Amino acid sequence: MGCAPSVHISSEAPGAYLGGKEEEDAQNPWALLQGATLPSDPYLPRGKIPTSEVQFGPMRFHPDQLQVLLAFSKDDNQCKAFRQACDQAGFKCTLTKEMQAVLTCFLSAHHDIVILDHRNPRQLDARALCRAIRSSQVSENTVIVGVVRRRDGELPVMPLLTAGFTRRYVEDPSPLACYTELLQLQFGEVRSQLKLRACNSIFTALEKSQDAVEITGQDHLVQYVNPAFETTVGCDSHELVGKELAKLPVGEKKSELFQTINSCITEGKEWQGVYCAKNGDNTQQNVKVIPVSGQGGKIRHYVSIIQLSNGKSKAGLQADSLTDSQVGKLKDRRLSSRASEMAGQRRHSSLARIQPVAMEAPITKVINIISAAQENSSVPVTEALDRALEILRTTELYSPQFGAKDEDPHANDLLGGLIVNGLRRLSGNEYTLSAKNLPRASSSMTAPLPLQDVPKQIAEALENEDSWEFDIFELEAATQKRALSYLAIKIFSRFGICEFLKCPEPTLRLWLQMIESTYHSSNPYHNSSHAADVLQATCYFLCQERIKRALDSVDQAAALIAAAVHDLDHPGRTNPFLCNSGSELAILYNDFAVLESHHASLAFQLTLRDDKSNIFKNMERSDFRTLRQAIIDMVLATEMTKHFVHLNKFVNSVVKPLAELEEREETDAVRADINTMLRTPENRTMIKRMMIKCADVSNPCRPLEQCIKWASRISEEYFSQTDEEKRRNLPVVMPAFDRNTCSIPKAQMSFINYFIIDMFDAWDSFVDLPVLVHHLDNNFRYWKELDEMNVRGFRPPPV
């Protein structure tokens, strides 16, 4: 008797099943399917589950469309639900209603899943059918499901398993339940069976292999040998399989050899040695024993591969044991060598002339080391290393991921305006270029006087420029907002910058005049006084013993010049504002580090355009390039979107390794290691970046009165930006900085919490700056007290 008519699924199957809305529909689940559809998995296409690639060790294959055989005595609601589920999942479905046709259909199509109706044994003997299917060899990898009545759901499942069923399905005519069952089968038992089915091809390869292969379990009992192994060793498979490795009937000459193999493989290492055949042939065979890890990271099998050493073997083995990483590399080469063999032959002559170049990046080496470590690790360790690899494969290794901070709008605004790329795309009619050019240097400003000619008031304001208590506001008032020029003349003179640059002092004074005049005196915060403040902080840091040991004269000159120009021509607006307003600078620098790129670029443009103020004119070309790159790198480091990147690199590459060295007993060798670590080019670069970053935002670490003044100035600049954004109908980058509603204490506390504390903790750990930490703690308490008093301004109310 032939098969019953098949029901083949359509690629246009319905995508969503709507649950019962009326009482009669709830009583009749099949009625729900009239005009309704099953719910689509949000992660899968409508109507069909894709046959995704199956990975089985290094083997990959694409499974065919799954075939389902339904054996039901009648086409009731349960049967229809499975048919509908097959249709939705994209499975090829065949329905048989007669017991005699079930086996015939299965033998003709070899279905992946067989669902037998076990609810009515009198009409359809599901157990007998299951046994009949299992009696055929082709059913070895078939999943058989038995549908039982609800009242039988509590009965023991063992009788069904004994009959050959894979699992039990308790009667539920809901199409969604059937659909869920099929999906679980597809990605569970069926996929496992597909992998087991793939073993047939692997065993076929082993059976036909000319190399002798033996597989041993963790208990050292032989589990498999191929014909080549039988021939090589001189024993039949029935003499070998199930026997202990050390007790194989291979003669006395080999007992010592097998004991050696046993002692090596119990340690989980690869081993190579020599076999002598039982048949009296004195030919030696190279053997390689490889431990294979299984579940739990434990060694579950040992694979022995034997090759003749007389040249008959197609590939020789190396004499020494290989490390895990070498094994991985050899595996990669083996997998790729076949695909490139023909192409390699065509281009061999030209490639032979090219020397091999190491192109592997450091992060790739780290990933390879971790991957190799996973091979013999336990499951928890392997899973942890998988998570580590996922992180290492991201592009921003040192950038933190910020969650929502709805409870702190000031922190949200600071993170959005300073850290996150604040560009918000505008509509076509909003995105217009600014016609207003940024102001350039003023010619009315005169050069600062030589130090010996400085007026007494200015000289007094400059007296303690090497102290952290230095008051830049006093110098600003004494110099009529020309603090940068006068302070820089003194600091540059102390560090011998003119001698280093081979530059006359008049040239330096003209350069400083030009630089200071390019800052916008109208800006409340980003003006030349801020540049002077950053310069003074940089000078203070350069005088600390740890920094002196790390940096040289080139680093010092680069740091001082970078501090002087780091906010050159700053418009008093943030990068997101420039991007949102369609600024010419944002267009020029592709919305990326707009201001910082402009500061560095303009500094060199202005310096090099006139020999009279070109402080680099007399430098050697190579020295100038080194200095220029250092200055640019430091100025770009002040860009806040990379704040946590620089901080985390500094902590992990400098602070922590240094702390570990200093914990050791102090010896000449340890001191030498510390000096070497401090002086590496990479670490010096990170130290300079962190130095200018700390100098740039050191306001919360200044004495309280200075801290309050700087907070007032930066807040006014942010308020002004918010006013302009509202006036021009631009996106408001930092809504909390509205002059009518902003809480200054909350804003300062947020800034200190998210940006300052961690950075200055790290900087203090490296340089040892207790006075800065003291001021920071004191200032934070001040802002917190104002906040607790519900004060939104800078000072407490008068008593």
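Residues numbered from 1 in each chain as written. Predicted model: local features only at pLDDT ≥ 70, side-chain atom pairs only at ≥ 80, totals over all residues. Heavy atoms only, no water.

1. Here's the deal with the overall build of the protein chain
So, point 1. The secondary structure content of the protein chain amounts to 31 helices and 13 strands.
So, point 2. The proportion of buried residues among the 799 residues of the protein chain is 47%.
So, point 3. Relative to all contacts within the protein chain whose residues are 6 or more apart in sequence, the contacts with residues 24 or more apart total 67%.
So, point 4. For the protein chain, the exposed surface amounts to about 40700 Å²; the carbon and sulfur share of it is 51%. (Helix = DSSP H or I, 4+ residues; strand = E, 2+ residues; numbered from the N terminus. Buried < 20%, exposed > 50% of the residue type's maximum accessible area, 1.4 Å probe, protein only. Contact = heavy atoms within 4.5 Å. Areas by Shrake-Rupley, 256 points an atom, 1.4 Å probe, with all protein chains shown as cover.)

2. Structural notes on the confidence of the model for the protein chain
So, point 1. When pLDDT is averaged along the protein chain, the result is 78, and 73% of the positions lie at 70 or above.
So, point 2. With pLDDT under 50 throughout, residues 276-282 is counted as low confidence; its partners more than four residues away or in other chains account for 13 contacts. (pLDDT = per-residue confidence, 0-100.)

3. Thoughts on the packing of aromatic side chains
So, point 1. All chains considered together, the criterion is met by 18 aromatic pairs.
So, point 2. Summarising the aromatic geometry, the rings of F82 and Y169 are spaced 5.2 Å apart at their centres and angled 65 degrees between planes, so their arrangement reads as edge-to-face. Placement of the pair is F82 in helix α2 (residues 77-89) and Y169 in strand β8 (residues 167-170), with a sequence separation of 87 residues. Comparing F82 with Y169 shows no difference in burial state: the two are buried.
So, point 3. Measuring from centroid to centroid gives 6.2 Å for F604 and F624, while their planes differ by 75 degrees, and the two rings are edge-to-face. Here F604 is found in helix α24 (residues 594-608), whereas its partner F624 is found in helix α25 (residues 621-637), with 20 residues between them in sequence. For the pair shown, F604 and F624 are each scored as buried.
So, point 4. Joined through ring pairs, the aromatic side chains of W468, Y540, F541, F650, W763 and F766 make up one cluster.
So, point 5. Sitting over the ring of F766, R546 keeps its end group 5.5 Å from the ring centre.
So, point 6. In this structure, R713 packs its charged tip against the face of W710, placed 5.6 Å from the ring centre. (Phe/Tyr/Trp six-rings, centres within 6.5 Å; stacked < 30°, edge-to-face > 60°. Lys NZ or Arg CZ within 6 Å of the ring centre and 35° of its normal.)

4. Observations concerning the nonpolar core
So, point 1. In terms of nonpolar packing, the biggest core is built from 120 residues, with F492, W511, F541, F616, W763, F766 and W783 touching the most fellow members.
So, point 2. Listed in part, the 30 residues of the second largest apolar core include V54, F82, F91 and Y179. (Core = buried A, V, L, I, M, F, W, Y, C linked by side-chain atoms within 4.5 Å.)

5. Thoughts on the packing of helix α16 (residues 483-494) against helix α18 (residues 505-518)
So, point 1. Where α16 contacts α18, the two axes come as close as 9 Å, and the packing angle between them is 145 degrees. Seen along the crossing, α16 lies across α18 with a hand that is right-handed. Contacts between α16 and α18 involve A483, L484, S485, A488, I489 and F492 from the former and L508, R509, W511, L512, Q513, I515 and E516 from the latter.
So, point 2. Of the residues that constitute the contact of α16 with α18, the class distribution is nine nonpolar, two polar and two charged. (Axes fitted to C-alpha atoms, helices over the stretch in contact; angles between N-to-C directions. Left-handed = near helix turned anticlockwise from the far one by under 90°. Nonpolar A, V, L, I, M, F, W, Y, C, P; charged D, E, K, R; others polar.)

6. Concerning the environment of F495
So, point 1. Relative to the elements of secondary structure, F495 occurs in the loop between α16 and α17 (497-501).
So, point 2. Residue F495 is classed as buried on the basis of its relative accessible area of 18%.
So, point 3. Note: C-alpha distance between F495 and A557 (62 residues apart in sequence) is 8.0 Å.
So, point 4. Beyond its immediate stretch of four places on either side in the chain, F495 contacts C539, L542, C543, Q556 and L560.

7. As for the packing of helix α27 (residues 668-679) against helix α28 (residues 681-696)
So, point 1. Relative orientation of the contacting elements α27 and α28 amounts to 65 degrees, with a least axis distance of 5 Å. By the criterion of interaxial angle, the relationship of α27 to α28 is roughly perpendicular. Counted together, M677, L678 and R679 of α27 and P681, N683, R684 and I687 of α28 form the full contact between these two elements.
So, point 2. The residue makeup of the contact of α27 with α28, split by class, is four nonpolar, one polar and two charged. (Parallel < 35°, antiparallel > 145°, perpendicular 65-115°, else oblique.)

8. Some points on the state of the cysteines
So, point 1. Going through the model one piece at a time under the given rule, you end up with zero disulfides.
So, point 2. Here C86 is not disulfide-linked; the sulfur of C93 is the nearest cysteine sulfur, at 4.1 Å.
So, point 3. Residue classification places C93 among the buried residues on the basis of a relative accessible area of 1%. (Disulfide = S-S within 2.5 Å.)

9. Observations concerning the pattern of salt bridges
So, point 1. The final tally for this structure, using the stated rule, is 29 salt bridges.
So, point 2. Taking the shortest distance from any N to any O, the salt bridge between R119 and D76 comes out at 2.7 Å. Remark: D76 occurs in the loop between β4 (67-71) and α2 and R119 occurs in the loop between β6 (113-117) and α4 (126-134); sequence separation between them is 43 residues.
So, point 3. One continuous salt-bridge network, built from bridges that share partners, spans D552, D555, R679, R684 and K688. (Salt bridge = Lys/Arg side-chain N within 4 Å of Asp/Glu carboxyl O.)

10. Some details on the pairing of β8
Along any regular strand, the residues point their side chains to alternate faces of the sheet.
So, point 1. Relative to β8, strand β7 (residues 143-148) runs parallel, the two being bridged by four bridges. For G146, the partnering residue across the bridge sits in β8 and is R168.
So, point 2. Read from β7 through helix α5 (residues 158-163) to β8, the crossover connection turns out right-handed. (Pairing = 2+ DSSP bridges. Right-handed = clockwise from strand over helix to strand, strands pointing away.)

11. Brief notes about α2
So, point 1. With 13 residues, α2 ought to run about 18 Å at 1.5 Å a step, and its terminal C-alpha atoms sit 18 Å apart, in line with that.
So, point 2. Burial analysis of α2 places ten of its 13 residues in the buried class, which makes it a mostly covered element.
So, point 3. Among all positions of α2, only Q78, C79, A81, F82, Q84, A85, C86, D87, Q88 and A89 are buried.
So, point 4. Looking at the buried residues of α2, the elements they touch are β4, β5 (92-96), β6, β7, β8 and α6 (175-208). (Expected span 1.5 Å × (residues − 1).)

12. Description of a nonpolar patch on the surface
So, point 1. Together, V157, M158 and L161 line one region of the surface with nonpolar side chains, adding up to about 240 Å² of accessible area.
So, point 2. Positionally, V157 belongs in the loop between β7 and α5. (Patch = residues over 30% accessible without salt bridge, like charges linked within 9 Å, V, L, I, M, F, W, Y side chains within 5 Å.)

13. Description of the pairing of β4
So, point 1. The buried count for β4 comes to four of five residues, which makes it a mostly enclosed element.
So, point 2. Across four bridges, β4 lies against β6 in parallel orientation. Within β6, the position partnered with L69 by the bridge is V114.

14. Quick word on unusual backbone geometry
So, point 1. A positive phi angle is found at A593, which is not glycine, with a value near 45 degrees.
So, point 2. Of the residues examined, A593 reaches a relative accessible area of 9% and is grouped as buried.
So, point 3. A positive phi angle, close to 60 degrees, is found at N790, a residue other than glycine.
So, point 4. Here N790 shows up in the segment after α31 (770-788).

15. A few points about the side chain of R119
So, point 1. On the basis of relative accessibility, which here comes to 5%, the residue R119 falls in the buried class.
So, point 2. At 2.8 Å, the side chain of R119 and the side chain of D117 are in polar contact.
So, point 3. When sequence neighbours within four positions are dropped, the list of residues in contact with R119 reads F72, D76, Q78, V147, V148, R149 and E171. (Polar contact = N/O pair within 3.5 Å; in protein donor to acceptor, adjacent residues only side chain to side chain.)

16. Topic: helix α26 (residues 643-662)
So, point 1. Here α26 contains 20 residues, and its C-alpha end-to-end distance of 27 Å stays within 8% of the 28 Å for a straight helix at 1.5 Å per residue.
So, point 2. Its maximal kink placed at V651, α26 deviates by approximately 35 degrees.
So, point 3. For α26, the full list of buried residues reads H643, F644, V645, H646, L647, F650, V651, V654, V655, L658 and L661. (Bend = angle between axes of the 7 residues up to and from the residue.)

17. Observations regarding the environment of V303
So, point 1. Among the structural elements, V303 can be located in strand β13 (residues 299-308).
So, point 2. Between the C-alpha atom of V303 and that of V225, which follows or precedes it by 78 residues, the distance is 9.8 Å.
So, point 3. Aside from chain neighbours lying at most four places away, what touches V303 is V213, E214, I215, K288, V289, I290 and V292.

18. Details of the environment of I215
So, point 1. Counting through the fold element by element, I215 comes out in strand β9 (residues 212-217).
So, point 2. I215 gets classed as buried once you look at its relative accessible area, which sits at 18%.
So, point 3. Separated by 87 residues in the primary sequence, I215 and Y302 have C-alpha atoms spaced 5.7 Å apart.
So, point 4. Apart from the residues lying within four places of it in its own chain, the contact partners of I215 are L221, V222, Q223, Y224, H301, Y302 and V303.

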